[in-house]
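# Survey of secondary and tertiary structure
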Amino acid sequence: QFQVAEDGGRFIFDDLNLHEDGMPAYGSAFVTQGYIYPVGTLNGTNGVLANGEPEFPELVLGEWTCYGWMIGDGAHTATGEWVVSTQVYQFADGSTIITNGFEIADFEVPVARAVTGGTGEYRGVVGEMTQILHGFTEQMGVNLTVEFQIDAMQ
C-alpha cells in the first residue's frame, strides 16, 4: 500500500476539448505527476506545498506519473468513471510499477486497475491494484491510497 499526492501545478491538459469554464471535457488528453508516500501520511488534502515541492520530503518513496484521457463529463464528472489512464510508480531505487484502467470521481470508493508490468524489483509483475480517491490538495491535485495485489512475477 502507498499514498499519492498529485502536484496540481503539473496537471497539464490539451485545449482541444474544454468546458466553457476552461476545465477539460470528454476526450481531453492530460499528463500529471506527484509524490508517493507511505500509507498514513496523507489526510485527503495534503502532501504537496504551494510551490510544488513535497510537504514531507523525508517520507517521499518516489514519483507518480499519470497520463490518459478524460471521459464521462471530463472534469465536471460528479460520479463514476472520469479518466482512463496509465500510471507509473517510480520508486527511489529506480524500480517501477505500471497500472492501467479507469479512475472514478467518487470519494472513498475503491476501483480496480490492472497491474501490467514493472522494472527493477518489480520486473514482470502482474496483478491488480485498488485505488481510492480521498480528496484534493489545495492545488487541486488528487490524494489517493493504492494497494497492489501482485499475482505473479516472471
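Since we're looking at a predicted model, the values are computed, not measured.

### Section: the overall build of the protein
In terms of helices and strands, the protein carries zero helices and nine strands. Traced from its N-terminal end to its C-terminal end, the protein shows the element sequence β-β-β-β-β-β-β-β-β. For the C-alpha atoms alone, the extent of the protein along its principal axes is close to 45 × 30 × 25 Å. Per-residue burial over the protein gives 47% buried out of 154 residues. Expressed as a percentage of contacts within the protein between residues at least 6 apart in sequence, the contacts between residues at least 24 apart total 52%.

### Notes on the nonpolar core
Inside soluble globular proteins, nonpolar side chains tend to come together where they are buried. Core analysis: the biggest nonpolar cluster contains 22 residues, and Trp64, Tyr89, Phe91, Ile97, Leu144, Val146 and Phe148 have the highest contact counts within it. Of all elements in the fold, only strand S1 (2-6), strand S3 (29-38), strand S4 (62-70), strand S5 (81-91), strand S8 (125-136) and strand S9 (142-153) reach the threshold of two or more residues within this core. If sequence neighbours within four positions are ignored, phenylalanine 91 has contacts with Phe2, Ile36, Leu61, Gly62, Ile97 and Tyr122. The next biggest cluster of nonpolar side chains, apart from the first, holds five residues, and it includes Tyr35, Tyr37, Leu42 and Val48.

### A few points about the packing of aromatic side chains
The geometry of an aromatic ring pair is captured by the separation of the ring centres together with the interplanar angle, meaning the angle of the planes. Counting across every chain of the model gives nine aromatic pairs. When the centroid spacing of 5.1 Å and the interplanar angle of 45 degrees are considered together, the rings of phenylalanine 2 and phenylalanine 91 count as tilted. Taken as a pair, phenylalanine 2 in strand S1 and phenylalanine 91 in strand S5 lie far apart in primary sequence, 89 residues in all. Residue phenylalanine 2 is classed as buried on the basis of its relative accessible area, which comes to 16%. Classification of phenylalanine 91 as buried rests on a relative accessible area of 9%. When the centroid spacing of 5.6 Å and the interplanar angle of 45 degrees are considered together, the rings of phenylalanine 91 and tyrosine 122 count as tilted. Highlighted residues: phenylalanine 91 in strand S5 and tyrosine 122 in the loop between strand S7 (111-119) and S8, separated in sequence by 31 residues. Overall, tyrosine 122 belongs to the buried group, its relative accessible area being 18%. Each residue in the set Phe2, Tyr89, Phe91, Tyr122 and Phe148 is aromatic and connected to the rest through ring pairs, giving one cluster.

### Quick notes on the pairing of S8
A regular strand places its side chains on the two faces of the sheet in alternate fashion. When S7 meets S8, the two strands line up antiparallel, connected through five bridges. Considered in S8, the bridge of valine 115 is made with glycine 127. Counted along the chain from S7 to the antiparallel partner S8, the turn is five residues long, and its residue glycine 120 has a positive phi close to 60 degrees.

### Observations regarding the environment of glutamate 55
Along the chain, glutamate 55 turns up in the loop between S3 and S4. Judged by relative accessible area, glutamate 55 falls into the partly exposed class, the value being 32%. Sequence separation between glutamate 55 and leucine 42 is 13 residues; the distance between their C-alpha atoms is 9.8 Å. Of note is the side chain of glutamate 55, whose polar atom sits 2.8 Å from the backbone nitrogen of glycine 47.

### Side note on unusual backbone geometry
The backbone phi angle of glutamate 108 is positive, close to 60 degrees, even though this residue is not glycine. By the secondary structure assignment, glutamate 108 is in the loop between strand S6 (96-104) and S7. What makes glutamate 108 partly exposed here is its relative accessible area of 48%. Of note in the backbone geometry, methionine 140 takes a positive phi value of approximately 70 degrees without being a glycine.

Parameters at a glance
Residues numbered from 1 in each chain as written. Predicted model: local features only at pLDDT ≥ 70, side-chain atom pairs only at ≥ 80, totals over all residues. Heavy atoms only, no water. Helix = DSSP H or I, 4+ residues; strand = E, 2+ residues; numbered from the N terminus. Buried < 20%, exposed > 50% of the residue type's maximum accessible area, 1.4 Å probe, protein only. Contact = heavy atoms within 4.5 Å. Core = buried A, V, L, I, M, F, W, Y, C linked by side-chain atoms within 4.5 Å. Phe/Tyr/Trp six-rings, centres within 6.5 Å; stacked < 30°, edge-to-face > 60°. Pairing = 2+ DSSP bridges. Polar contact = N/O pair within 3.5 Å; in protein donor to acceptor, adjacent residues only side chain to side chain.

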